[in-house]
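Take a look at the letters that make up each chain.
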Amino acid sequence: MATRHDTAAPPSKGGAAPGRPPGGSTPTDQEHRRRAKLSRRWQRDVRWSPYAFVSPFFLLFLAFGLFPLIYTGWASLHQVELTAPTDMSWVGLRNYTRIFDDEFFWNAAKNTLTIGIISTVPQLLMAMGIAHILNYKLRASTFYRVAMLAPYATSIAAASLVFVLLFGRDYGMINWALDFVGIDPVDWQGDKWPSQIAVSTIIIWRWTGYNALIYLAAMQAIPQDLYESAALDGASRWQQFIHVTLPALRPTILFTAVVSTIGASQVFGEPLLFDANKGASGGAEHQFQTLGLYLYEQGWVNQHLGRASAIAWTMFLILIVIGIINYVISRRLRASS
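This structure is a prediction, so every number in the text was calculated from the model and none was measured.

Novice: Can you walk me through the UniProt feature "domain: ABC transmembrane type-1" (unreviewed entry) in the protein in this structure?
Specialist: According to UniProt, the "domain: ABC transmembrane type-1" (unreviewed entry) feature falls on residues 109–326. The distance separating the terminal C-alpha atoms of residues 109–326 is 20 Å; by composition the span is 74% helix and 0% strand.

Spelled out as structure tokens, the structure:
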């Protein structure tokens, strides 16, 4: 019997037999290496790009913030004069003990405290009231909000010189208004309390609108449902402000109080330009000399850079204490809420 040997025909082009798809050649080793290189580059970019974006800030802070701070601390431990800033002689903590024994330092510290209280408390109260008014629907509300920032954008020198004219003893408009109602003229630059009130007035005028806009932004973030519920319960506008607005603004009030306190501890331009003699003594009897003026007087008038550096670090430590107090209070507020 004959045996038949059948052989399978080769698959025709385009037939059903499996084969390589047209144009679908497998990636070569070179292609694998190229893709791996791109993948590693993408991973490095994702990992290090954020640091590259924020590096300009840290470089500027290192050059103009951290290095001066450290160098000032080092200079505070030496005797350094403005006439020879590179000649340093080690004195340890003597600069600190000398300023703590200086009655003008404590006078400047007390003046800074009183000016801070006189300027901060009315400033924040007025800012709260202005923000509460602007929170309602008013015509030209955008104009009023921009106008609130006009004093903040005004130059300290220009504002201080205008207030010097207003508080002039013999020609000022304030004394003219007081004389109009039968009050004797006040020596706003020569007496202690009037001069501190006048300096505080400049600070209040410049920063009230700024804090008012901060309060306004916080008020607009309060849900309207709370006010509607309070109104349904019969609460008046004043009761809504006391029981709804103020509790919701506690973190913002704490923030503005701390920032205003820090700003008050660094007051410099207003008392410097308010002085009739345009000096750093803060009046003939140092009646409104602040810590900033005292630092300037020791460093650039008396030319004691080492002592001025000690004053600067003392002010820095005061700010650290204020920051710690702020942290403790904010934690307790969060815990209570």
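What follows continues from the structure just given.
Novice: I tried to follow the confidence of the model for the protein on my own but got confused; where do I start?
Specialist: Regions with low pLDDT carry predicted coordinates that are not meant to be interpreted in detail. When pLDDT is averaged along the protein, the result is 85, and 92% of the positions lie at 70 or above. Confidence drops under a pLDDT of 50 for residues 1–9, and excluding neighbours within four residues, the segment shows zero contacts in the predicted structure. This model gives residues 11–21 a pLDDT under 50, and the stretch forms one contact once residues within four places in sequence are excluded.

Novice: Please explain the UniProt feature "transmembrane region" (unreviewed entry) in the protein as it appears in this structure.
Specialist: In the numbering used here, UniProt assigns the feature "transmembrane region" (unreviewed entry) to residues 48–71, 113–134, 146–168 and 310–329. As a span, residues 113–134 carries 100% helix and 0% strand, and end to end its C-alpha atoms are 31 Å apart. Annotation note: span residues 310–329, helix share 100%, strand share 0%, distance between end C-alpha atoms 29 Å.

Novice: I keep staring at unusual backbone geometry and nothing clicks. Help me out?
Specialist: Most peptide bonds are trans, and most residues other than glycine sit at a negative phi. Residues other than glycine seldom take positive phi values, yet His286 does so here, at roughly 55°. Mapping His286 onto the fold places it in the loop between α12 (269–274) and α13 (291–301). At Gln303, a position not held by glycine, the phi torsion is positive, near 65°. Here Gln303 lies in the loop between α13 and α14 (305–336).

Cut-offs used in this document
- Residues numbered from 1 in each chain as written.
- Predicted model: local features only at pLDDT ≥ 70, side-chain atom pairs only at ≥ 80, totals over all residues.
- Heavy atoms only, no water.
- UniProt positions renumbered as here; feature names shortened; annotations may be inferred.
- Helix = DSSP H or I, 4+ residues; strand = E, 2+ residues; numbered from the N terminus.
- pLDDT = per-residue confidence, 0-100.
- Contact = heavy atoms within 4.5 Å.

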